[in-house]
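What follows is the residue order along each chain.
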Amino acid sequence: MCAQPVTDTPETRWQKVLYERQPFPDNYVDQRFLEELRKNIHARKYQYWAVVFESSVVIQQLCSVCVFGVIWWYMDQGLLAPHWLFGTGLALSLIGYVLFDLLDGGEGRRKSGRTRWADLKSALVFITFTYGFSPVLKTLTESVSTDTIYAMSVFMLLGHLIFFDYGANAAIVSSALSLNMAIFASVCLASRLPRSLHAFIMVTFAIQMFALWPMLQKKLKACTPRSYVGVTLLFACSALGGLLSISVVGATLFALLLVSISCLCPFYLIRLQLLKENIHGPWDEAEIKEDLSRFLS
Amino acid sequence: MAYQGGGGHDHGPSPALYPVSPESLFTCRTHNICMVSDFFYPNMGGVESHIYQLSQCLIERGHKVIIVTHAYGNRKGIRYLTKGLKVYYLPLKVMYNQSTATTLFHSLPLLRYIFVRERVTIIHSHSSFSAMAHDALFHAKTMGLRTVFTDHSLFGFADVSSVLTNKLLTVSLCDTNHIICVSYTSKENTVLRAALNPEIVSVIPNAVDPTDFTPDPFRRHGSMTIVIVSRLVYRKGTDLLSGIIPKLCRKYQDLNFIIGGEGPKRIILEEVRERYQLHDRVRLLGALEHKDVRNVLVQGHIFLNTSLTEAFCMAIVEAASCGLQVVSTRVGGIPEVLPENLIILCEPSVKSLCEGLEKAISQLKSGTLPAPEKIHNIVKTFYTWRNVAERTEKVYNRVAGETVLPMDKRLERLMSHCGPVTGCIFALLAVFNFLFLTFLRWMIPDSIIDVAVDATGPKGAWTNQYPYGRKRGGDNETSKTR
């Protein structure tokens with residue numbers, strides 16, 4: 001472009017302003033061009049073992065689904081007596097219930113203001129209703145083919161895993177949807193069991209597995225991380241063991257999946273983090289950091 | 001390409017015949033310019049008024065200008081605006097937010113017909129949100145026309161949608177001759193987004209017609225008034241207002257707010273007004289027409305802008321031109337727009353904006369604010385459309401001297417510049433586009449397409465026919481000597 005020769009004396013220093021006519025062509029590129037460019041200011045540095053620890057939430061949930069499947073298979077084959085499962089489940093639930101309060105010294109309970117009487121009431125209401133409706137559950141899906149039921153359960157359990165609240169702040173996370181999908185899968189599977197008592201116990205077990213157990217896990221993770229790691233390992237081993245008793249190939253694949261999630265994925269996350277190039281500058285949309293809802297309440 | 005030899009741009013003598021002085025180059029050469037954008041009157045906004053005002057000033061400078069946009073409801077076909085500005089409202093389907101759908105092909109027959117019959121030499125597309133603008137760039141390059149693009153907005157890099165749109169922008173701009181941005185921040189942003197050579201990006205700010213925005217201190221009310229004029233949407237920071245209004249109203253009993261504009265966030269302001277019983281002190285005017293903005297602005301003492309992102313922000317220039325003290329967030333290109341003594345810049349938070357407003361209020365109370373007339377006289381020299389047109393003309397002159405990439409170079413550039421996958425896809429599309437164009441040229445050769453009567457430009461029928469036009473032509477002369 002045609003413009004006066006550019007002299008870089010202090011008087012004619014280029015300024016990043018629009019209101020002054022400057023003796024530079026419009027397409028002039030100053031040394032200060034892009035000086036406010038910042039890279040990766042929000043990028044986090046990850047520690048390998050910390051990421052492995054965090055991945056245990058996913059491991060736990062995968063194992064829950066696996067254990068649930070294995071137990072259902074045993075019930076379906078008649079290898080596991082429903083009374084026995086109910087007894088064990090009840091005992092473990094009681095232990096978990098006590099632990100749940102012991103872990104944080106009853107602080108969570110004080111905060112929520114929920115009484116033990118209320119807990120007992122909801123437990124009773126739930127058990128009564130499930131027991132009452134279990135004959136209905138049993139015959140609910142009689143007109144649907146078994147293949148459809150299996151396919152539906154698989155999709156529902158996958159959905160449960162996808163929408164589960166692993167602690168990420170994403171739009172896709174919905175614990176309500178996740179729990180509902182798991183319960184739906186359990187109802188589908190329970191309806192294929194031999195008797196209505198089986199169905200009742202299967203649904204109760206699903207509630208323990210998908211609703212109560214993650215709550216306890218969360219508390220364990222927050223209060224005693226060490227024991228949480230132990231519990232995760234133990235849980236993963238028992239899930240693997242259970243699967244091994246059904247199918248060796250399945251157990252091998254499941255073990256590979258667990259190893260890749262807990263060891264390989266964190267490794268790749270950290271490796272790929274080095275390639276991250278997140279650009280920031282004055283053109284970024286500003287964020288409102290305050291909580292403005294207080295002015296309206 | 002074929003018709004270019006047939007006298008497409010031989011209006012005015014070639015600059016090479018003249019001694020090489022920039023002045024003669026700028027005044028003697030005229031271009032046939034086609035502005036393309038989805039956004040034009042009757043739609044209202046920054047892009048729309050930019051296109052209109054720039055076209056008017058270019059016509060005044062002797063260029064031929066036509067505008068191509070899509071049909072707005074009943075407004076379709078060809079219309080003439082002031083000074084014979086010809087507007088084509090094309091029957092293309094609107095997809096989202098007044099932007100047409102893009103297939104990169106369906107608009108070729110129509111656009112080619114227009115480019116040929118109007119003997120267009122330079123395609124000037126506006127706004128990265130407009131699909132039609134990108135389509136026109138794509139077709140123009142296939143036809144071998146020079147291309148200019150003006151970017152009016154800022155974009156982030158963080159989320160998926162911006163990653164995708166930035167990729168498309170890279171494709172669209174990699175072989176465009178020249179790009180115009182409205183502020184230096186916008187230039188940095190566009191250069192990064194589209195991976196461009198910064199040398200082909202010019203910064204030409206928007207402008208404001210200072211005669212439309214004159215101060216009128218007698219319209220001010222006795223008490224202090226803060227004016228806000230913006231669309232009430234998240235990006236304009238309407239949420240911040242819900243914190244500022246109650247805080248300041250509690251502190252200053254004689255403070256009023258006037259808020260012009262409409263949008264989904266209006267409900268928040270209504271809630272605030274309800275909650276704090278401020279019906280007599282906070283006036284919500286609703287949607288404003290552009291001609292009414294001045295009458296609202298002059299009622300206030302302080303103008304508040306809470307935008308979270310802004311490439312240029314015409315609103316603060318309009319407010320300053322009306323003599324108001326401006327308080328604004330320090331985002332995007334805003335710090336470049338007004339000198340420090342005319343604007344108080346704050347961080348985008350309730351606390352910082354309240355501090356800025358309190359500073360302005362204390363200045364107002366102590367009478368140390370400059371008089372509105374004085375502010376107006378300073379601001380009116382900053383941004384004028386004539387200046388914008390002059391600078392844009394320089395871009396056109398530069399572009400006219402450049403060569404358009406031939407097909408093989410263009411394909412190479414697409415593949416080397418836009419990444420292996422996207423590059424190859426768009427190179428393929430460019431080939432299809434070329435084949436389609438060849439087919440159209442075989443169906444209707446350029447030679448049998450009628451040449452349109454020029455309304456504007458050197459042989460403009462409008463200026464020769466109407467006495468008003470001749471008068472304006474006289475104006476034109478004076479503006480040139482100025």
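If you're wondering where the values come from, they're calculated on a predicted model, not measured in any experiment. (Residues numbered from 1 in each chain as written. Chains lettered and ligands numbered in written order. Predicted model: local features only at pLDDT ≥ 70, side-chain atom pairs only at ≥ 80, totals over all residues. Heavy atoms only, no water.)

Novice: Just checking my understanding: could you explain the sheet that holds strand E1 (residues 32-36) of chain B for this structure?
Specialist: In sheet architecture, strand pairing relies on hydrogen bonds along the backbone and comes in two forms, parallel and antiparallel. Residues and elements named next belong to chain B. As summarised here, the arrangement of the 8 strands in space is E3-E4-E2-E1-E7-E8-E9-E10, forming an open sheet in which the pairing is mixed. Only two strands of the sheet have a single partner each, and these edge strands are strand E3 (77-81) and strand E10 (201-203). Neighbour-to-neighbour, the strand axes of the sheet open up by a mean angle of 25°, direction not taken into account. Where strand E7 (residues 122-126) meets strand E8 (residues 146-151), 5 bridges bridge the pair, whose relative direction is parallel. Within the sheet, the bridge partner assigned to His124 lies in E8 and is Val148. Helix H14 (residues 385-400) rests against E1, E7, E8, strand E9 (178-181) and E10 of the sheet, and its axis sits at about 145° to E8. (Pairing = 2+ DSSP bridges. Helix = DSSP H or I, 4+ residues; strand = E, 2+ residues; numbered from the N terminus. Axes fitted to C-alpha atoms, helices over the stretch in contact; angles between N-to-C directions. Contact = heavy atoms within 4.5 Å.)

Novice: What's the story with empty space enclosed by the protein in this structure? I'm lost.
Specialist: Using a probe with the size of a water molecule, rolled over the atoms, empty space left in the structure can be pinpointed. On inspection of all chains with the given rule, the structure shows 6 cavities of 30 Å³ or more. Here the largest cavity defines a volume of roughly 50 Å³. Lining the largest cavity, in full, are Trp14, Lys16, Arg32, Phe33, Glu35 and Glu36 of chain A together with Glu188 of chain B. Among the residues making up the lining of the largest cavity, the classes are represented as 2 nonpolar, no polar and 5 charged. (1 Å grid on protein atoms, 1.4 Å probe; cavity = no way out; pocket = protein on both sides within 12 Å on 5 of 7 lines; lining within 4 Å. Points joined across faces, edges and corners; volume = space filled by probe spheres on them. Nonpolar A, V, L, I, M, F, W, Y, C, P; charged D, E, K, R; others polar.)

Novice: Would you take a moment to explain the UniProt feature "domain: Glycosyl transferase family" (unreviewed entry) in chain B for this structure?
Specialist: UniProt annotation of "domain: Glycosyl transferase family" (unreviewed entry) refers to residues 221-363 of chain B when read in the numbering used here. Secondary structure content for residues 221-363 of chain B is 41% helix and 21% strand, while the C-alpha to C-alpha distance between its ends is 17 Å. (UniProt positions renumbered as here; feature names shortened; annotations may be inferred.)

Novice: Explain the domain arrangement of chain B here, please?
Specialist: Interface size is often expressed as the accessible area that is lost when the parts come together. Residues and elements named next belong to chain B. Assigned domains within chain B: domain 1 (5-207 + 388-464) and domain 2 (217-379). Domain 1 and domain 2 are separated by 36 Å when their C-alpha centres are compared. Regarding the contact of domain 1 and domain 2, the summed buried area is about 850 Å², with carbon and sulfur atoms giving 64% of it. Of all residues in domain 1, Leu154, Thr185 and Asn206 give up the largest surface area on contact with domain 2, accounting jointly for 46% of the area buried on that side. Where domain 1 meets domain 2, there are 0 salt bridges. Going through the elements one at a time, helix H2 (46-60) and helix H6 (184-194) are the ones with two or more residues in the side of domain 1 that touches domain 2. With 3 residues, H6 is the largest single contributor of residues to the side of domain 1 that touches domain 2. (Domains from an automatic or database assignment. Buried area = accessible area lost by both parts, 1.4 Å probe. Salt bridge = Lys/Arg side-chain N within 4 Å of Asp/Glu carboxyl O.)

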